[in-house]
Amino acid sequence: MTDVASPTVRVSTRPAESRRDIGIKRRYAAERRFRAYGISAIAIGLFFLAVLLWSVVSKGYTAFQQTTITLPIEFSEKVIDPKNERATDPKQLMTANYPLLVRDALVKQLGIDPKKRPLVKQATDMVSDSVRTQLRDIVTADPSVIGKTIPVTLLADANIDSAFKGQIDLSVEESKRKVKDQQVAWMNELADAGVLGKSFNTGIFTFGASSRPEAAGVGVALVGSAYMMLIVLVLSLPIGVAASIYLEEFAPKNRLTDLIEVNINNLAAVPSIVYGLLGLAVFVNFAGMPRSAALVGGFVLTLMTLPTIIIATRAALKAVPPSIRSAALGLGASKMQTVFHHVLPLAMPGVLTGTIIGLAHALGETAPLLLIGMVAFVVDYPGSPLEPATALPVQIYMWANEAERAFVERTSGAIIILLIFLIVMNLGAILLRRRFERRW
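Remember, it's a predicted structure, so these values are computed and weren't measured experimentally.

## Points about the UniProt feature "transmembrane region" (unreviewed entry) in the protein
- UniProt feature "transmembrane region" (unreviewed entry): in the numbering of this structure it lies at residues 34-57, 226-247, 267-287, 293-317, 338-363 and 413-432.
- The straight-line gap between the two end C-alpha atoms of residues 34-57 is 34 Å; of that span, 100% is helix and 0% is strand.

## A closer look at the UniProt feature "domain: ABC transmembrane type-1" (unreviewed entry) in the protein
- As annotated in UniProt, the feature "domain: ABC transmembrane type-1" (unreviewed entry) corresponds to residues 222-428 in the numbering used here.
- The annotated region residues 222-428 carries 76% helix and 0% strand content, and the separation between its end C-alpha atoms amounts to 19 Å.

## Quick notes on the domain arrangement of the protein
- According to the domain assignment, the protein consists of domain 1 (61-201) and domain 2 (219-436).
- For domain 1 and domain 2, the distance between their C-alpha centroids amounts to 45 Å.
- A combined buried area of about 780 Å² lies between domain 1 and domain 2, and 46% of that area is made up of carbon and sulfur atoms.
- Broken down residue by residue, the surface that domain 1 buries against domain 2 is led by Ala-63, Phe-64 and Gln-167, which jointly contribute 46%.
- Run the count over domain 1 and domain 2 and you get two salt bridges.
- When the shortest N-O distance is used, the salt bridge between Glu-409 and Lys-165 registers 3.1 Å.
- The interface formed by domain 1 and domain 2 contains five residue pairs in polar contact (both at pLDDT 80 or more).
- The element contributing the most residues to the side of domain 1 that touches domain 2 is helix α7 (residues 158-164), with four residues.
- Tallied by class, residues from the side of domain 1 that touches domain 2 come to five nonpolar, six polar and three charged.

## Points about the sheet that holds strand β2 (residues 149-155)
- The sheet built from three strands is open, its strands ordered β2-β1-β3 with antiparallel pairing. At either margin of the open sheet sits one strand with a lone partner, and together these are β2 and β3 (196-200). Strand-to-strand twist of the sheet, defined as the mean angle between neighbouring strand axes without regard to direction, takes the value 40°.
- Here strand β1 (residues 65-74) pairs with β3 via five bridges, running antiparallel. Bridged to Gln-66 within β3 is Ser-199.
- Set on the sheet, helix α4 (residues 98-110) makes contact with β1 and β2; between it and β1 the angle comes to about 90°.
- With respect to the sheet, helix α6 (residues 131-141) is in contact with β1 and β2, its orientation differing from that of β2 by roughly 145°.

## Thoughts on the nonpolar core
- Counting residues in hydrophobic clusters, the biggest one holds 45 residues, and the most contacted among them are Val-218, Met-228, Met-229, Val-296, Leu-301 and Leu-369.
- Breaking this core down by element, the ones donating at least two residues are α10 (219-250), α12 (272-286), α13 (294-319), α15 (335-363), α17 (392-400) and α18 (407-436).
- Here this core gets eight residues from one element, more than from any other, and that element is α18.
- Ignoring any residue separated from it by four or fewer positions in sequence, one finds Val-296 in contact with Phe-283, Val-284, Met-289, Pro-290 and Ile-372.

## Quick look at unusual backbone geometry
- Even without glycine at this site, Ser-292 takes up a positive phi of about 65°.
- Summarising the element assignment, Ser-292 is placed in the loop between α12 and α13.

## Here's the deal with the packing of α10 against α17
- Between α10 and α17, whose axes approach to 8 Å, the crossing angle comes to 145°. Contact residues: Ala-221, Leu-222 and Ser-225 in α10; Leu-392, Pro-393 and Gln-395 in α17.
- A per-class count over the contact of α10 with α17 returns four nonpolar, two polar and no charged.

## Topic: the side chain of Asp-157
- Mapped onto the elements, Asp-157 comes out in the loop between β2 and α7.
- In this structure, Asp-157 is buried with no salt-bridge partner, the nearest side chain bearing the opposite charge being Arg-212 at 7.6 Å.
- Among all residues touching Asp-157, those that are not within four sequence positions of it are Asp-125, Met-126, Val-127, Ser-128 and Glu-214.

## A closer look at the packing of aromatic side chains
- A complete count under the given rule lists five aromatic pairs for this structure.
- Pairing Phe-64 with Phe-205 gives two aromatic rings, centres 5.9 Å apart and planes at 35°, and the pair type is tilted. Taken together, the residues Phe-64 in the loop between α1 (14-60) and β1 and Phe-205 in helix α9 (residues 203-206) connect sequence positions 141 residues apart.
- Judged by centre distance (5.4 Å) and plane angle (45°), the rings of Phe-283 and Phe-299 are tilted. Highlighted residues: Phe-283 in helix α12 and Phe-299 in helix α13, separated in sequence by 16 residues.

## Points about a nonpolar patch on the surface
- A contiguous nonpolar surface patch, about 1000 Å² in accessible area, is contributed by Ile-42, Leu-46, Leu-49, Leu-52, Leu-53, Val-57, Tyr-61, Leu-419, Ile-423, Leu-427 and Ile-430.
- Secondary-structure elements contributing two or more residues to the nonpolar patch are α1 and α18.
- The element best represented in the nonpolar patch is α1, accounting for six residues.
- Note on placement: Leu-49 falls in helix α1.
- According to the relative accessible area criterion, Leu-49 is partly exposed, its value standing at 42%.

The rules we used
- Numbering of residues starts from 1 in each chain and follows the order in which that chain's sequence is written.
- Reporting of local features is limited, given that this is a predicted model, to residues whose pLDDT is at least 70; pairs of side-chain atoms are given and counted only at 80 or more, and all residues count toward the totals for whole chains, interfaces and linings.
- For side-chain calculations, the full set of non-hydrogen atoms in the structure is used, while hydrogens and water are omitted.
- UniProt positions are given in the numbering used here, feature names are shortened, and annotations may be inferred rather than shown by experiment.
- Going along the chain from the N terminus, every DSSP run of H or I of four or more residues is numbered as a helix, and every run of E of two or more is numbered as a strand.
- Domain extents, as shown, originate in an automatic or database domain assignment.
- The quantity reported as buried area is the accessible area (1.4 Å probe) lost by two parts once they are put together, taken as the sum for both.
- When a carboxyl oxygen of Asp or Glu is within 4 Å of a side-chain nitrogen of Lys or Arg, the pair counts as a salt bridge.
- Pairing of N or O atoms within 3.5 Å defines a polar contact, subject to two protein rules: one partner must be a possible hydrogen donor and the other a possible acceptor, and residues neighboring in sequence count only if both atoms are side-chain atoms.
- All residues other than Ala, Val, Leu, Ile, Met, Phe, Trp, Tyr, Cys, Pro, Asp, Glu, Lys and Arg, Gly among them, are scored as polar; the first ten of these are nonpolar and the last four charged.
- A pair of strands is treated as paired once DSSP finds two or more bridges between them.
- Simply put, an axis is a line fit to the C-alpha atoms, just over the touching stretch for a helix, and the angle between two N-to-C directions goes from 0 to 180 degrees.
- The contact criterion used throughout is that any non-hydrogen atoms of two residues lie within 4.5 Å.
- Here the nonpolar core consists of buried residues drawn from Ala, Val, Leu, Ile, Met, Phe, Trp, Tyr and Cys, with membership extended through side-chain atoms lying within 4.5 Å.
- Partly exposed describes any residue whose relative accessible area lies between the buried limit of under 20% and the exposed limit of over 50%, with all areas from a 1.4 Å probe on protein chains only and scaled to the type maximum.
- When charges are tallied, Lys and Arg are placed among the positive residues and Asp and Glu among the negative ones, while His and the ends of the chain are skipped.
- Centres within 6.5 Å make a pair out of two Phe, Tyr or Trp rings, where for Trp the six-membered ring is used; the pair is then stacked when the planes are under 30 degrees apart, edge-to-face when over 60, and tilted otherwise.
- Here a patch means residues that are over 30% exposed by relative accessible area and free of salt bridges, tied together within 9 Å if like-charged and within 5 Å if nonpolar (Val, Leu, Ile, Met, Phe, Trp, Tyr).
- The protein chains shown are the only cover counted for residues, whose accessible areas, like all others here, come from Shrake-Rupley with a 1.4 Å probe.

This is the structure in structure tokens:
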């Protein structure tokens, strides 16, 4: 019987390879889509950030320039001290009619007939009302200027300042704008003569609150914010670090400590206005502390910052390897020595980073400060944290509610200053972390 060779059966592997290739292609496609989604999200975020910065900077950079008018002011004794009583009555120098000196100088500079009162009124309206205070300070600081003629650089009125910066459309009808045609002609005349011009606006950093935009600045707000940040730093750093060390290194693990940890995490997410209500009830109404004082603002912001510092410090302590603790204990160190001589120094970069971020968060807060009354119209610098003051974000809020056109650029300029402070503080946190961070 003849054996018949069975045919060889070949199994094709192409379908299996095709399924594998399809799976790989799908996976690569999913990875590309995810990468595209991530890049798109970052691009969208950067776009809106750029729009925000552009809207603020484009409106606020002009706030760092101020239109000024330099005039030879004759400090006439007939106007300042007609009865020669300044030796016996120093108040005479405080109540003199200093705007009259500016009016006479402007009339002489522009060649206006003093009898034409409407023209004289338009001319004096080109200069800020703050000239009264400026000239009074010059005379009280040096009474010997009485009877002399000296050049003085005066602030231009807010409307003239806006017109000179090109923020007012001068092509519209005269009745629809605050700057008259005659004032525009005088403005150009003074500019051609070198009397009127723009200079760096140091007043935005040194002036206090004012109802006149050209004389308004954030000087008092910067001092108030500095007082509050100092109080927050002095109180929140030691209390927050001490609480973190105890909870992380010494506290027993039981229901009480678990409850405390949960509450700390919840407090970090509480809206800031709740802390304002707490500060109003406890510090102002119960303890009787003065409203609008930087001390109360510092206490409220300390309560708000503590959870952030505690959470950041505990995370930094957890990041220290257990081998550090074991080695220190193995060499005979006590628990206290292990924590303060070995663990805490290694965790300090994270502690400092969390503290700076907490301070930056507190610097930009407005709602709790509004509730404790830090919206006072403060002109003079506070001599201590117990005196009335305001803060930079509150000053921005107050200017944003003003109806005067020129306060728009002042508001954006103050936002730029606040953003610079926040950027510097966050950059400091990043640099500290990179400088002292250790990788395990």
